[in-house]
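A look at the structure
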Amino acid sequence: MLAVKTQELIEKKAVDTVNPLVAYKQVSKSFGDIKVIRELDFIVSPGEKVAIIGPSGSGKTTLIRLLMTLEEPTSGVIEINGEPLWHKEVKGKLVKADEKHLHKMRGQIGMVFQQFNLFPHMTVLRNCTEAPVNVLGMSRKEAEERAKAMLTKVGLGNKLDNYPAQLSGGQQQRVAIARALVMRPKVMLFDEPTSALDPELVGEVLDVIREIAEEGDMAMILVTHEMEFAKDVADRIVFTDGGKIVEQGPPTEIFEKPKSDRLQSFLKRMKSK
Ligand SMILES: Nc1ncnc2c1ncn2[C@@H]1O[C@H](COP(=O)(O)OP(=O)(O)OP(=O)(O)O)[C@@H](O)[C@H]1O
């Protein structure tokens, strides 16, 4: 049986929106004694593009690792399309989810990390077909067709048979983006996707992300230190500090009329960098 609080949170409607794609309800995450995320409520609508900004250590990466099921909340509930990520119903009772449930939920999410995490011994094409074949059960033929289309979309249709080591960092990150897209996720998570790149390679990766964002239907949650990019791409900017959302709103409000002292001084520091 679940704790009463968890049960109540699952039953509680997410604030502010009728059918959120993603809902964090009172989510906290601690590592030992350190509370990194604090009773956080956060929603993302279908197709919405959200950029998360905030000082180093404010919990941005942890926030999206929780959705990717790479971390488990210490308390609170996360839902995708109204279905709890870490809990499932068995015979009318909510219980802790098993690996099968997590696997199914994870199938709706794509993630692109700072490091590209490609398999070095596999070709570019193979890197993009392993998960759809092994995780989604897609036929290899369909996976290859879809992978080729996604690799072409990110400008790498001519690199199918190359190995990661033969590509630049920017190209490797574009493979990682194509690999996530092949899975047809409902939401794509980007964790500082350009921070491991040489400065001259940042633009090509941002351009690809921008293009995907403009296509529209997939939601995106993007952790970034690139303020101009966040302004361009996001429908909403979320400013986190101390494991909480301090302020959020459309880019024009957040960047041009920041309300809180903490956001004002963060933006000042970012400008002077
Ligand atoms: N697995 C872990 N074990 C212990 N502490 C962790 C772990 N993961 C994160 N932390 C701590 O949690 C805090 C928040 O980390 P997180 O990476 O989420 O912040 P961030 O806002 O993404 O930072 P940055 O902008 O520097 O990437 C940091 O103090 C970090 O050291």
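Residues numbered from 1 in each chain as written. Predicted model: local features only at pLDDT ≥ 70, side-chain atom pairs only at ≥ 80, totals over all residues.

**Looking at the overall build of the protein chain**
Looking only at helices and strands, the protein chain has 10 helices and 12 strands in total. Taking 19 Å as the expected radius of gyration for a compact globule of 273 residues, we find that the protein chain reaches 19 Å, a close match to that expectation. Over its C-alpha atoms, taken along the principal directions, the protein chain stretches across nearly 55 × 55 × 35 Å. Burial statistics for the protein chain: of 273 residues in total, 39% are counted as buried. Pairs at least 24 apart in sequence give 64% of the contacts found in the protein chain among residues at least 6 apart. (Helix = DSSP H or I, 4+ residues; strand = E, 2+ residues; numbered from the N terminus. Rg over C-alpha atoms; globule rule 2.2 N^0.38 Å. Buried ≥ 20, exposed ≤ 12 C-beta atoms within 10 Å, placed from the backbone. Contact = placed C-beta atoms within 7 Å.)

**Regarding the nonpolar core**
Counting 69 residues, the largest nonpolar core has Ala51, Ile52, Ala178, Val187, Leu189, Ile221 and Leu222 as its most contacted members. Looking at this core element by element, the count peaks at seven residues for helix 6 (residues 169-182). Counting only domains with at least three residues in this core, you end up with domain 1 (4-108 + 185-271) and domain 2 (118-184). Contacts of Ile52, omitting those with residues within four sequence positions, involve Lys60, Leu63, Ile221, Leu222, Val223, Val238 and Thr240. (Core = buried A, V, L, I, M, F, W, Y, C linked by C-beta atoms within 7 Å. Domains from an automatic or database assignment.)

**Let's talk about the UniProt feature "domain: ABC transporter" (unreviewed entry) in the protein chain**
Listed under "domain: ABC transporter" (unreviewed entry) in the UniProt record, and renumbered for this structure, are residues 22-267. The annotated region residues 22-267 carries 37% helix and 28% strand content, and the separation between its end C-alpha atoms amounts to 27 Å. (UniProt positions renumbered as here; feature names shortened; annotations may be inferred.)

**A word on the domain arrangement of the protein chain**
Looking at the assigned domains, one finds that the protein chain contains domain 1 (4-108 + 185-271) and domain 2 (118-184). Contact residues are listed per partner, giving 11 residues for domain 1 and 12 residues for domain 2. Top element by residues in the side of domain 1 that touches domain 2 is helix 7 (residues 199-215). It accounts for four residues. Residues that form the side of domain 1 that touches domain 2 fall into these classes: eight nonpolar, one polar and two charged. (Nonpolar A, V, L, I, M, F, W, Y, C, P; charged D, E, K, R; others polar.)

**Here we look at the packing of helix 6 against helix 7**
Taken N-terminus to C-terminus, the directions of helix 6 and helix 7 make an angle of 20°; their axes are 8 Å apart at the nearest point. Taken together, the axis directions place helix 6 and helix 7 in an arrangement best described as roughly parallel. Helix 6 and helix 7 meet at a crossing whose hand is right-handed. Only Leu201, Glu204, Val205 and Val208 of helix 7 make contact with helix 6, whose side of the interface consists of Gly169, Gly170, Gln173, Arg174 and Ile177. Of the residues in the contact of helix 6 with helix 7, the class split is four nonpolar, three polar and two charged. (Axes fitted to C-alpha atoms, helices over the stretch in contact; angles between N-to-C directions. Parallel < 35°, antiparallel > 145°, perpendicular 65-115°, else oblique. Left-handed = near helix turned anticlockwise from the far one by under 90°.)

**Regarding the pairing of strand 11 (residues 236-241)**
Successive side chains on a regular strand alternate, one facing one side of the sheet and the next facing the other. Pairing of strand 3 (residues 49-53) with strand 11, which is carried by four bridges, proceeds in the parallel orientation. If you follow Ala51 over to strand 11, its bridge partner there is Ile237. Strand direction decides the pairing type here: strand 11 and strand 12 (residues 244-249), joined by five bridges, are antiparallel. Directly across from Phe239, in strand 12, lies its bridge partner Glu247. Joining the antiparallel neighbours strand 11 and strand 12 is a turn of two residues, in which Gly242 adopts a positive phi near 60°. (Pairing = 2+ DSSP bridges.)

**Some remarks on the environment of Ser45**
Considering the arrangement of structural elements, one finds Ser45 in the loop between strand 2 (34-44) and strand 3. Look at Ser45 and you get partly exposed, because 16 C-beta atoms sit within 10 Å. Each C-alpha atom of the pair Ser45 and Pro55 lies 25 Å from the other, and the pair is 10 residues apart in sequence.

**Overview of the sheet that holds strand 4 (residues 75-80)**
Judged by pairing direction, the sheet is antiparallel, and its four strands sit side by side in the order 2-1-4-5 without closing on themselves. Two strands bound the open sheet, and with one partner strand each, they are strand 2 and strand 5 (83-84). Pairing of strand 1 (residues 22-31) with strand 2 involves seven bridges; the strand directions are antiparallel. By the bridge assignment for strand 2, Val22 is matched with Val44. Most of the contacts of helix 2 (residues 60-67) go to strand 1, to which it runs at about 120°, and overall it touches strand 1, strand 2 and strand 4.

**Notes on the pairing of strand 4**
For strand 4, the buried fraction is high: five of the six residues fall into the buried class. In this sheet, strand 4 lies alongside strand 1 in antiparallel orientation, the contact comprising five bridges. For Ser28, the partnering residue across the bridge sits in strand 4 and is Ser75. One ladder, built from two bridges, connects strand 4 with strand 5; its direction is antiparallel.

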